[in-house]
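# Coordinates in review
Here's the letter readout for the chains.
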Amino acid sequence: MSQWTDRILSHFTADLTRLWVACDPDDVLLDEKLLAELRSRGFEVMLYEDPFAFRAEFEERYRGAWDRGEAGPAPSLVLHLRGADQNALPWDIVHHGRVARLSLAELFPRLAYSTAKQVEPEHLAALFDAHEAELQSARGENESKDFILEHVYQLAPRSIRTPVDFWRELLRMHFANRSLPPLFAKHAASILHGKGLFADQPVAAWFSSKSVLLRVVQDAWYRYLSGLGLDGSRTGEPPPPDYVARVDIPFDHSDVQVLVDSMFLDGMLHPLAVHSVPASMPSWIKAGIVQDPAALQALVLKGVDGLIASIPSDGSSYKDWSEFAKRNGEILARAHGLPSAEGSEQLLKVRSSINALHAQSDGRLQAWVAAKHYADLMLQPVTKGPVMVHHIPRFLRHRRAAGETKVALLVFDGLAFDQWVQIRERLIASTKRFAFDEGTSFAWLPTVTSVSRQALFSGLKPREFDDSIDRTDKEEALWKTFWQNEGVNPNDVMYRRALRQVDQLDVLESDLADRRPKILGLVIDEVDDRLHKERSKNDVAMWIGNWLVTGFVDRLFSMLLDNGYHIYLTADHGNVESTGVGRPNQGVIAETRGERVRVYRSETLLADSAAAYPSTVRLDIAGLPANFMPLFAGGRTAFVPEGDQVVVHGGVSVEELIVPFVKVSYVIGTE
């Protein structure tokens, strides 16, 4: 156990009391590892945010059990308060609870508080070790930034002297998924600019945004190959417009080569399709070029094998799973785009490897959920991004407070991450104007619309909308209620659903002009509607390609951005290919085609179906109503007639559970 864990958890001793209050303005206690360790010691953590929601859950799950002399869900409860004053809590809680105080200012007294609070929770243990071992005296703000860059992010910008140094360190950071928070990115950029390195380039954006950097590297790669005399067609990317920063990257240096090679295999970068390669070309460039369909298949196969080797474990963090989901989406999108060549031995290998990837990743994800890590997602702070879809309204509230007064939430019903990649690549190819800051969010289990999309628009956990959990007709009211509770005039909030056709945008644009709303919630349902009509995700990809040609998405984005909206795009759940194992007679499902799950209100009926279908999976999902019990189809199966091939959702897989959350904007200089 780390020094950091010992220091934080020394405040909590289970045998002292069963009710604790953690005054924690910096959300120190909400780190996943700390939560897991607390759970192993008999503690459960509950957030204090909405007084009414807290009181209902506390009385139902804890106070009632304690009054009956029962233990309740856990031996001890920690009530987490995002503040320093325990008197913000109800009197009875303060009176009976034991108070523990946590503060980054006290935990890191020799660092500037303004810098320490910008460090992500998963890095605080490493920072604490360095703080205790290396710092003898207090540091100022800039010195604190230098210390954190070196000891947390393994970056020493003052030691970077050449372009090779710079690109090696920058690519290494992003390949390891260690983008810098904006405060540290700006500090590192200012140091490099002071040395005269890349003085006219947006270095801070390269440090903080992986997607921005990859677009620059992609263009530099194509121009590098052109300089070697290799011309061909770009796979996945068009020629870049003039406003994309053009820089020369030292690809011929071995330190850079090894990182770029791995980025091609992971699907982060797209290779150049060429007809032939002169014998004089260096062998190391082969990862970034493809000569024929077989070569592209081989590249996908290597990418899939690399993914299999890096599947997170049941003890990994949610960020590990999020990054894996993004890599998985990139590779699957590339696989769906492979030219069809029935009988091709290489293509059969690709499909076999993808099946192995699915089997292993699904199994580990289910184990991760069963180990209660999924339950901890509900506790995560939302200011830096929504970890679960029901966090999204609160995240948008935070963005409005930060100056984004007009926000548009676009919910692409049923959109898996690989299908988002397809949309993104099409937009880059056709418009060249949009930039995408890509993240992920976890859908609610079961991954059906009536559960996850209602949570998304309401900002509530499903147990808090039990009366409508099996339908979607209250979404608009829940969306408007959230914002009304935030003090927003109801006339400034708009909700529209079932959007998919270009001619609907004329009506939407007219409504925007007439009503001038500040907050939009839009449901685009083309993908979900289509996937239920297809037998494979390849077929879905073909249909999405045809739909994108209509220009619906291009025009929607442009219309909203031109009207001053900050666009956030997400999905309520994804989808998977599945094979039917039969349809149980019992069980109600929240929608007609949620064939990956059956939901029971009776323990007896659930047990009967679980016995009749031995491959099913039962998981205890925190946050669901007590009498809402899901039974998930095992593996990549579905509760449809035996042998049927379908594309569905509702279950526990990377593609269904982890969905895109993307900030869409114009590329700088194109507004």
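Shown above is the structure to which this text applies.
Below you will find a few notes about this structure.

Rules used throughout
- Residues numbered from 1 in each chain as written.
- Predicted model: local features only at pLDDT ≥ 70, side-chain atom pairs only at ≥ 80, totals over all residues.
- Heavy atoms only, no water.
- Helix = DSSP H or I, 4+ residues; strand = E, 2+ residues; numbered from the N terminus.
- Rg over C-alpha atoms; globule rule 2.2 N^0.38 Å.
- Buried < 20%, exposed > 50% of the residue type's maximum accessible area, 1.4 Å probe, protein only.
- Contact = heavy atoms within 4.5 Å.
- Areas by Shrake-Rupley, 256 points an atom, 1.4 Å probe, with all protein chains shown as cover.
- Axes fitted to C-alpha atoms, helices over the stretch in contact; angles between N-to-C directions.
- Parallel < 35°, antiparallel > 145°, perpendicular 65-115°, else oblique.
- Left-handed = near helix turned anticlockwise from the far one by under 90°.
- Nonpolar A, V, L, I, M, F, W, Y, C, P; charged D, E, K, R; others polar.
- Pairing = 2+ DSSP bridges.
- Polar contact = N/O pair within 3.5 Å; in protein donor to acceptor, adjacent residues only side chain to side chain.
- Salt bridge = Lys/Arg side-chain N within 4 Å of Asp/Glu carboxyl O.

Time to look at the overall build of the protein. On a plain count of helices and strands, the protein comes out with 27 helices and 19 strands. Here the C-alpha radius of gyration of the protein, 26 Å, is about what a compact globule of 671 residues would show, namely 26 Å. Each of the three principal axes of the protein carries a C-alpha extent, and together these read 80 × 70 × 55 Å. Scored against the burial criterion, the 671 residues of the protein give a buried share of 56%. In the protein, the proportion of contacts linking residues at least 24 apart, taken out of those at least 6 apart, comes to 76%. Put simply, the protein shows about 26700 Å² of open surface, and 49% of that area lies on carbon and sulfur atoms.

It is worth spelling out the packing of helix H14 (residues 293-309) against helix H16 (residues 345-370) at this point. The interhelical angle for the contact between H14 and H16, taken along N-to-C directions, is 20 degrees, at an axis separation of 9 Å. With respect to their mutual orientation, H14 and H16 come out roughly parallel. Between H14 and H16 the crossing geometry is left-handed. The segment H14 lies against H16, with Ala 294, Gln 297, Ala 298, Val 300, Leu 301, Val 304, Asp 305, Leu 307 and Ile 308 engaging Gln 346, Leu 347, Lys 349, Val 350, Ser 353, Ile 354, Ala 356, Leu 357 and Gln 360. Residues of the contact of H14 with H16, tallied by class, amount to twelve nonpolar, four polar and two charged.

Strands pair in a sheet through their backbones, by hydrogen bonds, and they do so in one of two ways: parallel or antiparallel. Taking strand neighbours across the sheet as the criterion, the six strands line up as S9-S19-S12-S8-S11-S10 in an open arrangement whose pairing is mixed. A single partner strand is all that each edge strand has here, and the edge strands are strand S9 (434-442) and strand S10 (493-499). Across this sheet, the average inter-strand angle for adjacent strands is 20 degrees, counted without regard to direction. Summarising the sheet, S9 and strand S19 (residues 658-666) pair through nine bridges and their orientation is antiparallel. Paired with Ala 435 across the bridge in S19 is Ser 665. Helix H21 (residues 475-485) rests against strand S8 (407-412), S10 and strand S11 (519-524) of the sheet, and its axis sits at about 155 degrees to S10.

Read from one edge of the open sheet, four strands run S2-S3-S1-S4, paired in parallel fashion. The strands lining the two open edges of the sheet, one partner per strand, are strand S2 (43-48) and strand S4 (98-101). Taking the axes of each pair of neighbouring strands and ignoring which way they run, one obtains an average angle of 25 degrees across the sheet. Looking at chain direction, S2 and strand S3 (residues 76-81) are connected through six bridges and run parallel. Among the inter-strand pairings, Val 45 is bridged to a residue of S3, identified as Val 78.

A few words on the side chain of Asn 575. Turning to its location among the elements, Asn 575 is positioned in the loop between strand S12 (566-570) and strand S13 (576-580). When residues no more than four places from it in sequence are discounted, the contact partners of Asn 575 are Gly 414, Ala 416, Gln 419, Leu 531, Lys 537, Val 647, Val 648, His 649, Glu 655 and Glu 656.

Here Glu 438 lies in strand S9. Classification of Glu 438 as buried rests on a relative accessible area of 18%. Engagement of the side chain of Glu 438 in a polar contact is seen with the side chain of Trp 420, the distance being 2.6 Å. Within the structure, Glu 438 has its side chain in polar contact with the side chain of Arg 424 (distance 2.9 Å).

Our focus in this paragraph is the pattern of salt bridges. Counting across every chain of the model gives 53 salt bridges. Of the charged contacts in the structure, one is a salt bridge between Asp 27 and Arg 82, with a shortest N-O distance of 2.8 Å. Taken together, the positions of Asp 27 in the loop between strand S1 (19-23) and helix H2 (32-40) and Arg 82 in the loop between S3 and helix H4 (91-96) put the pair 55 residues apart, joining distant regions of the chain. By relative accessible area, which is 13% here, Asp 27 ends up buried. Residue class for Arg 82 comes out partly exposed when judged on its relative accessible area of 33%. Here the residues in one salt-bridge network are Asp 165, Arg 168, Glu 169, Arg 172 and Asp 255, joined through shared partners.

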